[in-house]
Each structure stands twice: as structure tokens, then as C-alpha cells.
Amino acid sequence: MPADRAALGAFLRSRRDRLTPSQAGITAFPGPRRVPGLRKEELAVLAGLSPDHYSRLEQGRQQNVTDEVVRALSQALQLDDVERAHLRDLAAPTSRRRWAGPEVAQRPDPGMLRVMTTLEHVPVLLLGRRSEVLASNRLLGSVLGTAMEPGTSFVRWLFLDPDARARIVNWADFAAAAVGALRYEVGRHPDDRLLADLVGELRAGDPDVERWWDDQRVTFRTSVTKHIAHPTAGPLVFGIESLVGPHDPEQRLVVYTVEPDSPTARVLPVLASWSEEVPERSGADDRS
């Protein structure tokens, strides 16, 4: 079975398993049930497909998947917008999704670096398409306890560095969303071997990644509240917002926002003064 069609079948099965007949608004078919959610035949009826057609989709034996079928399955499975987009990516022919071109290191977008300059009062991080660090400011290093040098991998730090779990109080919430974002990117770029190798490394190195990967959750630049246990400044609370510029959609600016006049907002200037020895924008000045 081609890898892309195997991924399509696994995603469909996972979404079918989580939806019961009552949630789908249908009467369960008679007979003993061997699955926690919808049977294949029930989903086929909901989507207006023949049972054989749907079985071929889930078994990876259907090469061509029309947009009409994707829309029908998305509606029947009650997918959200991110899941619908992910299903479209998985259903698209590999030839339309192939990532082409030589492997060239991403350079930080100059416009994003200028935006970073105006946001020096909050932690900011510029990430590439595989969550590699393109630039960061000094306040981010003070908050996270690591400099996040350009070329390092944010997700490797998140999952493989014990300090990340100690520093991020709600690590599981944040890390699960990061795994969902990686799955979304794999769906968009199924032929990106470096991305696939990164996912394989994380799955082998952390059982939580393996568990979250198997649940088929997908996320896309989700806003997540991050709680930090800072060893000196005490508890910090940030709203994490991810922004994409107009010139390179493969780069995202991650901004740690704070509530005005909150304890976190009041302590950030103190943290900035403590970290003056860290370069103001790690890796940014020589790339603009």
C-alpha cells in the first residue's frame, strides 16, 4: 500500500472510531458491534458512498479520491476546518503534493525580523517549516532557559530536553498540540524526508509523541496558553499566537502575548534586564 494512501486510511479509521451512531444522527445498524464508533457501512451511508467504495478508501486501494468524496466524508465525520484541510491533503494525488527542489536552508524573512524588533517587550520566536529556529529574541531565552540558537530544533528541545518539561507547567497540552501540527505538516509535505526523519526520531525518543501520533489529531497554529515555572521570576502565563507573513507561508512568527498589567507583564522588563548578555535577536542581525 502506498504510504500516502495508508495515511489516508488511518486518518479515516481514527475519525470513524470517535463518532458514535447517535452523535452522527443515525440509528445504529443491527447486530453486535466490534468497533467503538461508526461501522464502515454506516459511514458509507452517511457519506452517500457504496460500502465497497468506502472500504477501498480505508484500505488504501482507491487511488483517485474526488473533491466531492472528500467533502462528503468531511461532513459525515463532522470534521473541523483543520481536519478537513488535512483530509484534502491526504486525499490529493502524490504528484500534486510532492515537495520539489533542492534542500536549501531557510533564511529568516526580513519583514518578520522587522516585526520582531517592534516586539522586544515580549518573547518572540521565528520558526521554519520543520520547527527549526530561524531567529529569536533575548527575552525568549530568559523565559525558556535556553538561547534557541538559529538552526536548532524547537520540537527537539520540547520533547527531548528534560528542562522543557520542568519549565512548561502544562507541557502535555502544549506538546500534544505540537505533535498535531507536525502531523498536519506531514500531510502537506508527504515527500519531505527530513520532516519524516524528525517525526521518526521524536516518536522513537518519547513515548508521549508515539501515543499522540497514533491518535491522528491534527492542529494548525493553534493558540495555546503556556504556563511557565520560572526558577527566579515565579509563575508566568502567556498566550501563544502564531502569525504567517505575506511572503513565505513556511515561516511562522510565534509571539508570547501577555495580559496588560498582569503579573507576567510586570515581571518581563526585569527578566529582560537579567538577560542582557544574550544577543538581542539570536541569529537575526547577520541575516536581514
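Structure first, text after, so check above.
Summarised in this report is the structure supplied together with it. Counting starts from 1 at the beginning of each chain's written sequence and moves along it residue by residue. With the structure being a predicted model, the display of local features is reserved for residues of pLDDT at least 70 and the display and counting of side-chain atom pairs for 80 or more, all residues being used for whole-chain, interface and lining totals. Working from all heavy atoms in the structure, the side-chain values ignore hydrogens and water.

Re the packing of aromatic side chains
Line of reasoning, step 1. Pairs were defined over the aromatic rings of Phe, Tyr and Trp, the Trp ring being its six-membered one, requiring ring centres within 6.5 Å. Orientation was assigned from the angle between planes: stacked under 30 degrees, edge-to-face over 60, tilted for the rest. A full pass over the atoms with the stated rule returns 6 aromatic pairs.
Line of reasoning, step 2. Considering the side-chain rings of phenylalanine 154 and tryptophan 157, the 5.6 Å spacing of their centres and the 45° angle between planes classify their relative orientation as tilted. Separated by 3 residues within a single helix, phenylalanine 154 and tryptophan 157 lie in helix α10 (residues 154–160), roughly one turn from each other.
Line of reasoning, step 3. With a relative accessible area of 7%, phenylalanine 154 lands in the buried category.
Line of reasoning, step 4. The class for tryptophan 157 is buried, based on a relative accessible area of 7%.
Line of reasoning, step 5. Judged by centre distance (6.5 Å) and plane angle (80°), the ring pair of phenylalanine 154 and phenylalanine 174 falls under edge-to-face. A residue pair is termed long-range when its members are at least 10 positions apart, and phenylalanine 154 in helix α10 and phenylalanine 174 in helix α12 (residues 171–188) qualify at 20 residues. With respect to class, phenylalanine 154 is no different from phenylalanine 174; both count as buried.
Line of reasoning, step 6. An aromatic cluster is defined as three or more aromatic residues linked by ring pairs; in this entry it consists of Phe154, Trp157 and Phe174.
Line of reasoning, step 7. Residue placement shows arginine 183 over the ring face of tryptophan 213; its charged tip is 3.9 Å from the ring centre.
Line of reasoning, step 8. One Lys or Arg, lysine 226, reaches over the ring of phenylalanine 174 and ends 3.9 Å from the middle of that ring. A run of H or I in DSSP counts as a helix once it spans at least four residues, and a run of E counts as a strand once it spans at least two, with each numbered from the N terminus. For every residue, the accessible area (1.4 Å probe, protein chains only) is compared with the maximum for its type, and the residue is labelled buried under 20%, exposed over 50%, or partly exposed between those bounds. Remark: a charge is flagged as sitting over a ring if the NZ atom of Lys or the CZ atom of Arg is within 6 Å of the ring centre and within 35 degrees of the ring normal.

Notes on helix α4 (residues 51–58)
Line of reasoning, step 1. Among the residues of α4, those classed as buried are His53, Tyr54, Ser55, Leu57 and Glu58.
Line of reasoning, step 2. Looking at the residues trailing α4, positive phi occurs at glycine 60, about 75°.

A look at the packing of α12 against helix α13 (residues 193–205)
Line of reasoning, step 1. To get an axis, fit a line to the C-alpha atoms, keeping to the stretch in contact for a helix; angles then go from 0 to 180 degrees between the N-to-C directions. Their axes nearest at 10 Å, the elements α12 and α13 cross at an angle of 150°. Judged by the angle between their axes, α12 and α13 are roughly antiparallel. Relative to α13, α12 is oriented so that their crossing is left-handed. Of the residues in α13, those touching α12 at Leu182, Glu185 and Val186 are Leu195, Leu198, Val199 and Leu202. For classification, angles of less than 35 degrees are called roughly parallel, those exceeding 145 degrees roughly antiparallel, those between 65 and 115 degrees roughly perpendicular, and all remaining angles oblique. A clockwise turn of the near helix away from the far one marks a right-handed crossing, whereas an anticlockwise turn of less than a right angle marks a left-handed crossing. Working rule for contacts: check all heavy atoms of both residues, and any pair within 4.5 Å makes them a contact.

Focus: the nonpolar core
Line of reasoning, step 1. By size, the foremost hydrophobic cluster in this structure holds 52 residues, and its most contacted members are Leu144, Phe154, Leu158 and Phe159.
Line of reasoning, step 2. Not counting residues up to four positions away in its chain, the partners in contact with leucine 144 are Phe154, Trp157, Arg167, Lys226, Ile228 and Tyr256.
Line of reasoning, step 3. Here, nonpolar core means buried Ala, Val, Leu, Ile, Met, Phe, Trp, Tyr and Cys residues that are tied together by side-chain atoms lying within 4.5 Å of each other. Leu43, Tyr54, Val69 and Leu90 belong to the second-largest nonpolar core, a separate cluster that totals 22 residues.

Quick look at the packing of α12 against helix α14 (residues 207–214)
Line of reasoning, step 1. As a packed pair, α12 and α14 sit with axes 9 Å apart at the nearest point and diverge in direction by 55°. Comparing their axes, α14 and α12 come out oblique. Handedness of the crossing formed by α12 with α14: right-handed. Seen from α12, the contacting residues are Trp171, Ala172, Ala175, Ala176, Val179, Leu182, Arg183 and Val186; seen from α14, they are Asp208, Val209, Trp212, Trp213 and Asp214.

Describing the pattern of salt bridges
Line of reasoning, step 1. Salt bridges are identified by distance alone: a Lys or Arg side-chain nitrogen within 4 Å of an Asp or Glu carboxyl oxygen. Counting across every chain of the model gives 18 salt bridges.
Line of reasoning, step 2. Between glutamate 83 and arginine 15 there is a salt bridge, with the nearest N and O atoms lying 3.0 Å from each other. Of the two residues, glutamate 83 sits in helix α6 (residues 81–91) while arginine 15 sits in helix α1 (residues 3–17), which places them 68 residues apart along the sequence.
Line of reasoning, step 3. Here aspartate 197 ties to arginine 193 by a salt bridge, and the two come within 3.9 Å at their closest N and O atoms. Of this pair, aspartate 197 and arginine 193 both sit in helix α13, 4 residues apart, which is roughly one turn of that helix.
Line of reasoning, step 4. Aspartate 197 gets classed as partly exposed once you look at its relative accessible area, which sits at 46%.
Line of reasoning, step 5. Judged by its relative accessible area of 53%, arginine 193 falls in the exposed class.

Scope: geometric values only; no functional claims are made or implied.
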